[in-house]
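Below, each chain spelled out in residue letters.
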Amino acid sequence: MDDRMPDTPQDTDTPAAPGAHAVTGTGGHGVERLAAVVEGLQRRLEAQESAAAARGLIELAKGILVERGLDGPAEAARHLEQLAARAGLPQAELAADIVNEAAHDPLSRAGPVPEDDDGADRAAPPASVRLRVAESGALSGTDAQTVAQSLLVHALEPLGATAAAVWRAAPDGSLTLAGSAGFPDAEAVRWRYVPPRVGTLAQQALESHRTLWHGAPPAAAASIGRSGASNGARALIPAQRAGRTVGVLEVCWPEPGGPLPPAVHRQLTALAGLCAHTLDGTGPADQPAGGEPDRADSAARLAGLADGLLNPALVLRPLLDDQGQVRDFRITYTNARFADFAGRPRADLTGRRLLEAYPLAAAEGGLYERAECVHATGEAFRTDRMVLPAVMDDATPTATAALGIGRFGDALLVTWRTEDEVTRLAALVEHTQRLGRIGGFEETPATGEVIWNSQLFDIYGLPPQSLPIPLERLRHHAHPDDADVIGRFLRAVLHQRRPASTAFRLLRPDGVVRYIRVVAEPAADPAGGPMTVRGAYQDVSAQHWTEVALAATRDQLADSEQRADERDLLALQLQRAIMPAAPAPIDASGLQVAVRYRPAEKGHLVGGDWYDAAVLPSKQVLLVVGDIAGHGIHAATGMVVLRNALRGLAATGAGPGQLLGWLNAVAHRLTENVTATVVCGLYDPPTRVVRWARAGHPPPVLVRGARSMVLPMPAGILLGAVAEAHYVEETLVLESGDTLLMYTDGLLERRDRTVNQALEQLLRDAGPSTGDLEEDLDRLLTHSNSDTDDDTCVIGFRLR
């Protein structure tokens, strides 16, 4: 027995699928042939649908011709055929022109697209034909799926698009995939419903009420068909009808694109209008036919609903322009509780336009803008505070109210609750309690009745439906160590009947411990009824932990200050031990030496200023003043290292330039980042010659008779900045009575003047000499007006 499947009969009217092979055989080959047959049938079906859509367009044109006076459909058909032959146009193209001329709708205003002029496929039907054929196919369908397929085949594929999705919008902002074409079946199933506030591309267009074009959508953008690597361009057009946004048309291209051409934008907007027509006429199975309540009946139903409300309410109906856009709303009904802000009677407002009755409602973010948004999207609006304006006899009384707007069918229900003084004060108290973490209570101990406000439930960590906790059970919710203070509080309030307060730790059900302060006051009933206790709890946890942190910070600061004082004292003692207040006498042929040191005003700014004057084995006198960068113990120890190193190096008999070169190497290699400025001199008594060099330090000042002068500034970088440095020497021959002043920058520095200006002032203060070197140095310090709070060292050498 031959168990092979019989060959599938070949249908001579069915074209073979492209790339299909005429094969015979068993198993999979039979399936392939069956798939080819199905594909051919699908193509025939699409061709028949396209032909039917074109016939529908031609029939519509015939109807227009009959309406214009031709004698019946047959005469209109012959006339259309003759016109097409005379114009050399296909009947479908001529029919589209006739329909466009008669319709004056968005499809007729959607002009040609750019590819009609840039060498695109000339065999493709013009844009007017494609749009009208797509319209005919969409109107012949019964659901959005048919619309999506018709739009893609007849209108979008010629624009280069490969897929389209028609989304139905719900009042809550969610989307339902009403129809799609060009996407895999699994993708359409996966995106059949989008919850509110997901932020998909379609929801962004729905919220903005305008067309969104993404030449290259962001990588994080979520939408149908983006699960793979596709990053093609997308257009998202709100589908609007009668001013309401009922859905979104999403069109996809395979590749990224540039800006959206205006002509294509117009066509997409017109196609979205076709989708809106279908979405507005169909709905989910659980909705009544039409998807919306009867518009003629919606206002009447809302009027009945408004009569049952306890707050003022009015019903609005949209007024549309020729383009179907909302231009105003008409007040069709006001309920019995309605009271106009300007005192006008209800009858004067019913039937008037909203902007006519309340012109200031057109302000940005005002009532009109909110009503327009609710009408367009169907999503209800609510706010706790809105200023509602009115205009009456040049006065503009206003009211502040909590307001809500909802849509039913094509009508809007607006209701509000105005704020009076009591309402505002109550809201203020509630706001204050929330900010201060305060919860109030009232308790009648005799009856066990306890009333809490909502904030107190939050403090206790209890749900609002929980039973309030009476004062007698307060100890069961507090830390065991606080039982005594709670006991004293309860005795004072409940037994001694006097106001009292206390603080305790509240143990909440969620395990959180809060620091609470409670205050209560008993109040006797004037009518002789049972005593009532009123009070409040306040969560002071933040204050408690702040106080704990401040206490710890104070302790740390006190400890840090003590250690800092100890370090400063150590630095000061070290400085005084190394540099005595007065130098030791120098036996060097009449050379007199005097020193003045003025420490910084703040103890923690003990600096590294230092000096030295010593007779070397060669009988030359070493004259040095230096300044270590920084303050405190680091500067003091650096001063000790450099001072002692220089004394040892000076015993070698080298000159000042060489000594500073060696001292620079010591500062750079043998210290921890110590930098310093120094001026170093060697005085030779027999010749009265001073050789000196400087390392970034201010130059010495020579006082000779009545003149004071600044010595030249030889080149020399500060110590410790580089590994190797060269220092230039200068020479000076002293005369009898000359005074040589070496000093640190603390004698000069001022924030409001330059160094040159400070040097000029120093020269004026330095001379002429009084004859007493000690008095001359005292005068320098007295007239020095440095304001940088730096320490100052001055050493004077005078030849008798």
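The rules we used
Residues numbered from 1 in each chain as written. Predicted model: local features only at pLDDT ≥ 70, side-chain atom pairs only at ≥ 80, totals over all residues. Heavy atoms only, no water. Helix = DSSP H or I, 4+ residues; strand = E, 2+ residues; numbered from the N terminus. Buried < 20%, exposed > 50% of the residue type's maximum accessible area, 1.4 Å probe, protein only. Contact = heavy atoms within 4.5 Å. Areas by Shrake-Rupley, 256 points an atom, 1.4 Å probe, with all protein chains shown as cover. Expected span 1.5 Å × (residues − 1). Phe/Tyr/Trp six-rings, centres within 6.5 Å; stacked < 30°, edge-to-face > 60°. Pairing = 2+ DSSP bridges. Axes fitted to C-alpha atoms, helices over the stretch in contact; angles between N-to-C directions. Parallel < 35°, antiparallel > 145°, perpendicular 65-115°, else oblique. Left-handed = near helix turned anticlockwise from the far one by under 90°. Nonpolar A, V, L, I, M, F, W, Y, C, P; charged D, E, K, R; others polar. Core = buried A, V, L, I, M, F, W, Y, C linked by side-chain atoms within 4.5 Å. pLDDT = per-residue confidence, 0-100.

Student: What is the right way to read the overall build of the protein from this model?
Tutor: Check the secondary structure of the protein and you find 21 helices and 26 strands. Counting the 800 residues in the protein, one finds 43% classified as buried. Considering only contacts within the protein whose residues lie at least 6 apart along the sequence, 59% involve residues at least 24 apart. Summed over its atoms, the accessible surface of the protein is roughly 40800 Å², and 54% of this surface lies on carbon and sulfur atoms.

Student: Would you explain helix α6 (residues 144–156) in this entry?
Tutor: Along an α-helix, a turn takes 3.6 residues, which lines up residues three or four apart on a common side. Relative to the 18 Å expected for 13 residues at 1.5 Å per residue, α6 spans just 16 Å between its end C-alpha atoms, considerably shorter than the ideal helical length. Those residues of α6 that sit buried are Ala144, Val147, Ala148, Ser150, Leu151, Leu152, His154, Ala155 and Leu156.

Student: Looking at this structure, I do not really get the environment of Asp143. What am I missing?
Tutor: Of note, Asp143 is situated in the loop between α5 (127–140) and α6. Judged by relative accessible area, Asp143 falls into the partly exposed class, the value being 33%. Note: C-alpha distance between Asp143 and Leu279 (136 residues apart in sequence) is 8.1 Å.

Student: Got a minute to help me understand the packing of aromatic side chains in this structure?
Tutor: A ring pair, where both rings are aromatic, is described by two values, the distance of the centres and the angle of the planes. Summed over all chains, the structure comprises 8 aromatic pairs. Summarising the aromatic geometry, the rings of Trp213 and Trp253 are spaced 5.4 Å apart at their centres and angled 75 degrees between planes, so their arrangement reads as edge-to-face. One end of the pair, Trp213, is in strand β4 (residues 212–214); the other, Trp253, is in the loop between β6 (244–252) and α9 (262–281), and 40 residues separate them in sequence. In this structure Trp213 comes out as partly exposed when scored by relative accessible area, which is 25%. Residue Trp253 is classed as buried on the basis of its relative accessible area, which comes to 12%. Measuring from ring centre to ring centre gives 5.5 Å for Tyr460 and Tyr537, while their planes differ by 85 degrees; the resulting arrangement is edge-to-face. Of this pair, Tyr460 sits in helix α15 (residues 454–460) while Tyr537 sits in strand β16 (residues 532–539), and the two are 77 residues apart along the sequence. Assessed through its relative accessible area of 3%, Tyr460 is described here as buried.

Student: Just to check I follow, could you spell out the sheet that holds strand β25 (residues 739–743) for this structure?
Tutor: By definition, the strands of a sheet pair up through backbone hydrogen bonds, in either a parallel or an antiparallel sense. Read across the sheet, 5 strands follow the order β17-β26-β25-β22-β23 without closing on themselves; strand pairing throughout is antiparallel. Looking along the sheet, the strands with just one partner apiece sit at the ends: β17 (591–598) and β23 (707–710). Across the sheet, the mean angle from the axis of one strand to that of its neighbour is 20 degrees, orientation sign disregarded. With 5 bridges joining them, β25 and strand β26 (residues 792–799) adopt antiparallel strand pairing. Bridging across to β26, Leu740 finds its partner in Phe797. Contacting β22 (701–704), β23 and β25, helix α20 (residues 755–766) runs over the sheet at an angle of about 150 degrees to β23. In the packing of helix α21 (residues 773–783) onto the sheet, contacts are made with β17, β25 and β26, and the angle to β17 comes to roughly 30 degrees.

Student: Just to check I follow, could you spell out the sheet that holds strand β5 (residues 234–241) for this structure?
Tutor: Taken together, 6 strands build an open sheet; the order of strands is β3-β2-β1-β6-β5-β4 and the sheet is antiparallel. Edge positions in the open sheet fall to β3 (193–194) and β4, since each of these has one partner strand only. Bridge count for β5 against β6 is 8 bridges, and the pairing is antiparallel. Bridge pairing in β6 places Ile237 opposite Leu249.

Student: In this structure, what is going on with the packing of α20 against α21? I would like to understand it.
Tutor: To characterise two packed helices, one gives the angle between the axes of the helices and the distance between these axes. Remark: α20 packs on α21, axes separated minimally by 9 Å, with the N-to-C direction vectors making an angle of 140 degrees. Classed by the angle they form, the pair α20 and α21 counts as oblique. Crossing angle aside, the handedness with which α20 passes α21 is right-handed. On α21, the residues touching Leu762, Asp765 and Ala766 of α20 are Arg779, Leu780 and His783. For the contact of α20 with α21, the per-class residue count stands at 3 nonpolar, 1 polar and 2 charged.

Student: Help me understand the nonpolar core, please; the structure alone is not making it clear to me.
Tutor: In terms of nonpolar packing, the biggest core is built from 30 residues, with Leu156, Leu249, Val251, Leu268 and Leu271 touching the most fellow members. Elements supplying a minimum of two residues to this core: α6, β1 (163–169), β2 (175–181), β5, β6 and α9. Per-element accounting of this core gives the leading share, 8 residues, to α9. Not counting residues up to four positions away in its chain, the partners in contact with Leu268 are Leu156, Ala235, Ile237, Leu249, Val251, Trp253 and Leu260. In this structure, Phe489, Ala492, Leu494 and Ile516 belong to the second largest nonpolar core, which totals 27 residues.

Student: It is not clear to me how the confidence of the model for the protein should be interpreted in this structure. Could you clarify?
Tutor: Mean pLDDT over the protein: 80, with 74% of residues reaching 70 or higher. Every residue in residues 1–27 is under pLDDT 50, and counting partners more than four places away or in other chains gives 23 contacts.

Student: How do you make sense of the side chain of Gln455 when you look at a structure like this?
Tutor: Here Gln455 is to be found in helix α15. Residue Gln455 is classed as buried on the basis of its relative accessible area, which comes to 12%.

Student: Even after reading the chapter, I still don't get the environment of Gln761, so can you show me in this structure?
Tutor: Its location among the elements puts Gln761 in helix α20. Taking the C-alpha atoms as reference points, Gln761 and Leu748, separated by 13 residues in sequence, lie 8.7 Å from one another.

Student: I keep staring at the environment of Leu759 and nothing clicks. Help me out?
Tutor: Here Leu759 is to be found in helix α20. C-alpha of Leu759 to C-alpha of Glu749: the two residues are 10 residues apart in sequence and 9.6 Å apart in space. If near-sequence neighbours (up to four positions away) are discounted, Leu759 is found in contact with Val710, Tyr743 and Leu748.

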